[in-house]
Amino acid sequence: MTSFPVDQTHAFGKLILFGEHFVVYKVPALVGAVSAYTNCKLEYTAEPGLEVIDNRPAVPFYKEKKMEEGIEAIDLTLTHLGVDTKKRGVKLTFGGDLCCASGIGASAAQVVSLARAVNIADSRSLSEDEINAAGYEGEKGYHGTPSGIDNTAATFGGLLRFQRTEGAPIFDKKTLATPIRIVYASTGITASTTEVVSDVRAKKEADEAWFADLIGKYTDLCEQGQKAVEEGDMDKLGKLMNLNHEYLQELTVSCKELDDLVVAARAAGAVGAKMSGTGRGGLMIALTPTEEIQNEVASALEKLAPQLGAVKNEDRLNDHQT
């Protein structure tokens, strides 16, 4: 193949509006894709083996910390798709404009883009559901027991209501009443999703009654959040985001750096702000209904966190669907 169509391998980043950690226990979550993406070029080589060139932008040390998990994720994805690098060599080149940081869904975007690249290189006709399934298998290399939410957002884009079940996950594509203006920022800290998810599970098992009460309150909050999104009620949505952050603090998955960014965003005019993703580092997200507020919040966060390798992006959650 003389020219590999990398533009057909796009896989989106994501931000979780509601549901990180709780979604693992089969309650709903709302997740929105961002326009930034990862792509992948696949070349078969004469010599067996795997070569990976990672040109994705990233916060400092992200790729170094995630290297072993990343190789395992790539191997799992290729194995799921029946590609044996011991028989035929594979060279992968990852790129795109999605900056890798904890919480943005970079790992899912990587393996979903890889699945798309295999589909093209082998002239297959994989469905989007099959691409998504391959992404889920790859995510196991990064997350151990992935929720499935990141690979689903990476594959389909848009705004999704997602819920795990004993069988196939349920996801519904949602139409926004109005685009949701956001600002997101990174602490620059890269956390291990596997470790944080394991810690939450340990807390649950240590006090099942406490966890059942908390997840019940979260489930009600998520339903209210979905209604606020559908009605375009940004004030209500912001209040619910603030409350969701409190629940995540109770789970001990936030941290001082995240909390400081959340407080700063609210002080600058955001109607709501919360951590988004794994936590204990990674990202926070701020809801900024107008362009003026969006600019004010972005400026405030830029002053607070540039030394942390912050990713600050003014974006909209919208229907970025493939």
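Residues numbered from 1 in each chain as written. Predicted model: local features only at pLDDT ≥ 70, side-chain atom pairs only at ≥ 80, totals over all residues. Heavy atoms only, no water.

Student: Break down the overall build of the chain for me, with residues and values.
Tutor: Assigned secondary structure in the chain consists of ten helices and ten strands. By the compact-globule yardstick of 20 Å for 322 residues, the chain fits well, its C-alpha radius of gyration being 19 Å. Taken along its principal axes, the extent of the C-alpha atoms in the chain is 55 × 45 × 35 Å. Expressed as a percentage of the 322 residues in the chain, the buried residues total 54%. Long-range contacts, defined as pairs at least 24 residues apart, comprise 77% of the intrachain contacts of the chain with a sequence gap of at least 6. As displayed, the chain has an accessible area near 13100 Å², and 47% of this comes from carbon and sulfur atoms. The averaged location of the 46 negative side-chain charges in the chain is 1 Å from the averaged location of its 33 positive side-chain charges. (Helix = DSSP H or I, 4+ residues; strand = E, 2+ residues; numbered from the N terminus. Rg over C-alpha atoms; globule rule 2.2 N^0.38 Å. Buried < 20%, exposed > 50% of the residue type's maximum accessible area, 1.4 Å probe, protein only. Contact = heavy atoms within 4.5 Å. Areas by Shrake-Rupley, 256 points an atom, 1.4 Å probe, with all protein chains shown as cover. Lys, Arg positive; Asp, Glu negative; His and termini not counted. Charge placed at Lys NZ, Arg CZ, Asp CG, Glu CD.)

Student: Got a sec to walk through the packing of aromatic side chains? Specific residues and values, please.
Tutor: Within a pair of aromatic rings, the relevant descriptors are the distance that separates the centres and the angle that separates the planes. Inspection of the entire model under this criterion finds five aromatic pairs. An angle of 35° between the planes, with centres 6.4 Å apart, marks the rings of F22 and F211 as tilted. You can see F22 sitting in the loop between β1 (11-18) and β2 (29-45) and its partner F211 sitting in helix α7 (residues 208-231), a full 189 residues away along the chain. In this structure F211 comes out as buried when scored by relative accessible area, which is 3%. With centroids separated by 4.7 Å and ring planes inclined at 5°, the aromatic side chains of F22 and Y218 adopt a geometry described as stacked. Here Y218 lies in helix α7 and F22 lies in the loop between β1 and β2, a separation of 196 residues in the sequence. (Phe/Tyr/Trp six-rings, centres within 6.5 Å; stacked < 30°, edge-to-face > 60°.)

Student: A description of the pattern of salt bridges should follow, citing residues and the corresponding values.
Tutor: Within the structure shown, the criterion is met by 16 salt bridges. For K63, the salt bridge identified is with D54, shortest N-O distance 3.9 Å. On the basis of relative accessible area, K63 is assigned to the partly exposed category, the value being 24%. Classification of D54 as partly exposed rests on a relative accessible area of 26%. Linking K217 and D213 is a salt bridge whose minimum nitrogen-to-oxygen distance equals 3.8 Å. Note that K217 and D213 are positioned in helix α7 at a spacing of four residues, about one turn of the helix. On the accessibility criterion, D213 (48% relative accessible area) is partly exposed. A single salt-bridge network, built from bridges that share partners, covers D54, R56 and K63. (Salt bridge = Lys/Arg side-chain N within 4 Å of Asp/Glu carboxyl O.)

Student: I'd like to hear about the pairing of strand β8 (residues 272-276), residue by residue, with values.
Tutor: Most of β8 is tucked away, with five of its five residues classed as buried. Where β8 and strand β9 (residues 283-287) come together, five bridges link them in antiparallel fashion. Across the sheet, the residue bridging to G272 is L287, located in β9. Joining the antiparallel neighbours β8 and β9 is a turn of six residues, in which G277 adopts a positive phi near 110°. (Pairing = 2+ DSSP bridges.)

Student: Tell me about the environment of Y25, residues and numbers included.
Tutor: Assignment of secondary structure puts Y25 in the loop between β1 and β2. Sequence spacing of Y25 and I215 is 190 residues, and the spatial spacing of their C-alpha atoms is 8.8 Å.

Student: Which residues make up the side chain of S192, and what values go with them?
Tutor: For S192, the position within the fold is in the loop between β7 (180-186) and α6 (193-206). Excluding residues within four positions of it along the chain, S192 makes contact with K66, E69 and T278.

Student: Explain the packing of helix α8 (residues 234-250) against helix α9 (residues 256-267) to me, and be specific about the residues and the numbers.
Tutor: Contact geometry of α8 with α9 gives a least axis separation of 12 Å together with a crossing angle of 165°. Taken as axis vectors, α8 and α9 run roughly antiparallel relative to one another. Note on packing geometry: the crossing formed by α8 with α9 is left-handed. Here α8 contributes N242, H245 and Q249 to the contact with α9, which in turn contributes D259, V262 and R266. Class assignment for the residues of the contact of α8 with α9 results in one nonpolar, three polar and two charged. (Axes fitted to C-alpha atoms, helices over the stretch in contact; angles between N-to-C directions. Parallel < 35°, antiparallel > 145°, perpendicular 65-115°, else oblique. Left-handed = near helix turned anticlockwise from the far one by under 90°. Nonpolar A, V, L, I, M, F, W, Y, C, P; charged D, E, K, R; others polar.)

Student: Report on the pairing of strand β4 (residues 89-96), specifying residues and quantitative values.
Tutor: Every regular strand shows the same layout, with side chains that alternate between the two sheet faces. Among the eight residues that make up β4, six are buried, leaving the element largely enclosed by the rest of the structure. By the bridge criterion, eight bridges tie β2 to β4 in an arrangement that is antiparallel. By the bridge assignment, T45 is partnered in β4 with G89. In terms of strand pairing, strand β3 (residues 50-54) meets β4 through five bridges, oriented parallel. Across the sheet, D54 pairs through a bridge with F94, a residue of β4.

Student: Give a description of helix α4 (residues 128-143) that names residues and reports values.
Tutor: Across its 16 residues, α4 extends 22 Å between first and last C-alpha, which sits within 8% of the 22 Å expected from 1.5 Å per residue. Listed as buried for α4 are I131, N132, A134, G135, G138, E139, G141, Y142 and H143. Packing partners of the buried residues in α4 comprise α2 (67-80), α3 (106-121), α5 (149-156), β6 (170-174) and α6. (Expected span 1.5 Å × (residues − 1).)

Student: Give a description of α9 that names residues and reports values.
Tutor: When the terminal C-alpha atoms of α9 are compared, their 16 Å separation across twelve residues agrees well with the 16 Å that a helix rising 1.5 Å per residue should span. Residues of α9 that are buried include every one of L258, L261, V262, A264 and A265, and no others. Down the axis of α9, the smallest arc covering the buried residues is 165°, so these residues share one side. The exposed residues of α9 that point more than 90 degrees off its buried face are K256, V263 and A267. Tucked inside the fold, the buried residues of α9 contact β7, α8, β8, β9 and α10 (291-304). Directly after α9, the chain includes G269, whose backbone phi takes a positive value near 120°. (Arc of directions from axis to C-beta.)

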